[in-house]
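Fold and contact review
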Amino acid sequence: MTHANVYRYFPSKDALLDAVAGRWLREVEARLAGIADAPDPADDKIERLLTALATVQRDALFDEPNLFAVHLDATVSARPIARRHRVRLRSLVERVVEEGITSGIFSARDRERAIAYIFDASYRFTHPLAIQHDAEVPRDLIEARFGAVIHAIQRVLRSGIL
């Protein structure tokens, strides 16, 4: 296929790359939605959701580096595809937090602060730029560190601090 033919369907290189990233992100979001919709307790769901998000991105970094690079560029550039993904992620986390509050598992007083805390605390393990930064750190060390962070997130959500 020639470049001219490709650009008949995509107005720019960014649009082409966003289409590729968008397809992958929709698959990731569907997997995460399956976790959010599962019948598990909310504290288990938040652990599984964050772990799956971190794992799928770290796997992409090593197994599909070009796809990860496209995702990273879209995220750093704050292109619409990355912003929509962020909104969908937030919606999934919000559903789990709301379920946890409703069921009494979480004692968070302020839902918005709780959601912000989850993203702030997990940033190092779920944001593509931070994942790339830690590319040379052994996976078992990353998993141990992230496990401790997830445990802290669960404890804070249960405690009613926020």
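Residues numbered from 1 in each chain as written. Predicted model: local features only at pLDDT ≥ 70, side-chain atom pairs only at ≥ 80, totals over all residues. Heavy atoms only, no water.

What to know about the overall build of the protein
Scanning the protein from N- to C-terminus turns up eight helices and zero strands. Reading the protein from its N terminus to its C terminus gives the helix and strand order α-α-α-α-α-α-α-α. Seen through its C-alpha atoms, the protein measures out along the principal axes to roughly 60 × 35 × 25 Å. Looking at the protein as a whole, 42% of its 162 residues are labelled buried. The long-range fraction of contacts in the protein, counting pairs at least 24 apart against all pairs at least 6 apart in sequence, stands at 69%. A total of about 8800 Å² of accessible surface is found on the protein, and carbon and sulfur atoms cover 56% of it. (Helix = DSSP H or I, 4+ residues; strand = E, 2+ residues; numbered from the N terminus. Buried < 20%, exposed > 50% of the residue type's maximum accessible area, 1.4 Å probe, protein only. Contact = heavy atoms within 4.5 Å. Areas by Shrake-Rupley, 256 points an atom, 1.4 Å probe, with all protein chains shown as cover.)

A short note on the environment of Tyr117
Note that Tyr117 resides in helix 6 (residues 111-126). Note on Tyr117: relative accessible area 24%, which makes it partly exposed. Separated by 20 residues in the primary sequence, Tyr117 and Val97 have C-alpha atoms spaced 11 Å apart.

Observations regarding the packing of aromatic side chains
Enumeration over the complete set of coordinates arrives at one aromatic pair. When the ring of Phe125 is compared with that of Phe146, the centres are 4.6 Å apart and the planes differ by 25°; the resulting orientation is stacked. With a gap of 21 residues between them, Phe125 in helix 6 and Phe146 in helix 8 (residues 139-159) connect regions that are remote in the sequence. On the basis of relative accessibility, which here comes to 7%, the residue Phe125 falls in the buried class. Judged by relative accessible area, Phe146 falls into the buried class, the value being 6%. Stacked on the ring of Phe119, the Lys or Arg Arg86 has its end atom at 4.3 Å from the ring centre. (Phe/Tyr/Trp six-rings, centres within 6.5 Å; stacked < 30°, edge-to-face > 60°. Lys NZ or Arg CZ within 6 Å of the ring centre and 35° of its normal.)

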